[in-house]
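What the coordinates show
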Amino acid sequence: MTYFPDHLVAGYRDFLEGRYSEERERYHRLAESGQTPQTLVIACCDSRAAPETIFNTGPGEIFTLRNVANLVPPYEPDEHLHAASSAIEFAVQALGVRHIVVLAHGRCGGIQAALNPGGEPLSEGDFIGHWVGLLTPLARSVDPDGTMDPTERATALECHAVGQSIENLRTFPFVDKRERAGELSLHGAWFDISEGRLWVRDPEDGVFAPLDGTA
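Thresholds applied
- Throughout this document, residue positions are counted from 1 along each chain, in the order its sequence is written.
- Reporting of local features is limited, given that this is a predicted model, to residues whose pLDDT is at least 70; pairs of side-chain atoms are given and counted only at 80 or more, and all residues count toward the totals for whole chains, interfaces and linings.
- Excluded from the side-chain calculation are hydrogens and water; included are all heavy atoms of the structure.
- UniProt positions are given in the numbering used here, feature names are shortened, and annotations may be inferred rather than shown by experiment.
- Runs of E in the DSSP output that reach at least two residues are strands. Runs of H or I that reach at least four are helices, and both are numbered from the N terminus.
- Three exposure classes are used, based on accessible area relative to the maximum for each residue type with a 1.4 Å probe and protein chains only: buried under 20%, partly exposed in between, and exposed over 50%.
- Here is the rule: rings of Phe, Tyr and Trp (six-membered ring for Trp) pair when centre to centre is within 6.5 Å. Planes less than 30 degrees apart are stacked, more than 60 are edge-to-face, and the remainder are tilted.
- Pairing between strands is defined by DSSP: at least two bridges between them are needed.
- Angles run from 0 to 180 degrees between N-to-C directions of axes, and those axes are lines fitted to C-alpha atoms, restricted for helices to the stretch in contact.
- The contact definition used throughout considers only heavy atoms, calling two residues in contact when any of these lie within 4.5 Å.

Taking an unreviewed UniProt entry as the reference, the protein is identified by name as carbonic anhydrase belonging to Pararhizobium mangrovi. In UniProt, the protein has this text filed under Catalytic activity (unreviewed entry): "hydrogencarbonate + H(+) = CO2 + H2O".

Below you can see the structure in the form of structure tokens.
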């Protein structure tokens, strides 16, 4: 008898017999020597857009921060709890990652919440409402003339929010210092769930273009 979800038990057993068995030495090496990922990926919690799946990475290859709508808050050194900032701090300062990727995706529920504020909170804390409030000014600036359909409007904010998160990353002194020294690169991307296509942000003009998936 188990008090753990059956589908997770089954998945774990498949993992043990499959991937872990095939990569046992790699796991042993990571356990002994620690992790040295070169990339931090800041992604959404959405179960359809797992970065380890999208980039087909193995254990120890990427350091992942996931939150609602893949947001980076501005640097605020105070006594409050900062889960996202602590992960960024650890990745940059302790692990010395060389790249940070802000990965957005289509059909994001957090983006919908930012575009349609004022709904009934999911709880008394309204944690999601406060969190996506980071996007309120940006959401108001998207489609001011009302010419976009809802899907286009959501996609536009998903992409613009990546740019805002990248700018917020630069408010962290240790990120800014390493980027200026050429020791750290900041990237943006957007994943189309329905098509499996990855769009990459041009750092010069902020425009997203599809990445060619061929070798």
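**Considerations on unusual backbone geometry**
Of note in the backbone geometry, Asn 70 takes a positive phi value of approximately 45° without being a glycine. Mapped onto the secondary structure, Asn 70 falls in the loop between strand S2 (62-67) and helix H4 (83-94). Despite not being glycine, Asp 143 shows a phi value in the positive range, around 55°. Relative to the elements of secondary structure, Asp 143 occurs in the loop between helix H7 (136-141) and helix H8 (150-169). The buried category is assigned to Asp 143, whose relative accessible area is 14%.

**Observations regarding the packing of aromatic side chains**
As enumerated under the stated definition, the model contains eight aromatic pairs in all. Seen from their ring centres, Tyr 20 and Tyr 27 are 5.1 Å apart, and the 45° between their planes marks the pair as tilted. Classification of Tyr 20 by relative accessible area gives buried; the value is 18%. The class of Tyr 27 is partly exposed, set by a relative accessible area of 23%. Through successive ring pairs, a cluster of aromatic residues spans Tyr 12, Phe 15, Tyr 20 and Tyr 27.

**Quick notes on the sheet that holds strand S4 (residues 185-192)**
One open sheet holds the six strands; their spatial order is S2-S1-S3-S4-S5-S6, and the pairing between them is mixed. One side of each edge strand has no neighbouring strand; the edge strands of this open sheet are S2 and strand S6 (208-210). The average undirected angle you get between the axes of adjacent strands in this sheet is 25°. Bridging between strand S5 (residues 197-201) and S6 involves three bridges; their strand directions are antiparallel. Of the residues in S6, the one forming a bridge with Val 200 is Ala 209. On the sheet, H8 packs against strand S1 (39-44), strand S3 (99-105), S4, S5 and S6 and is oriented at approximately 160° with respect to S4.

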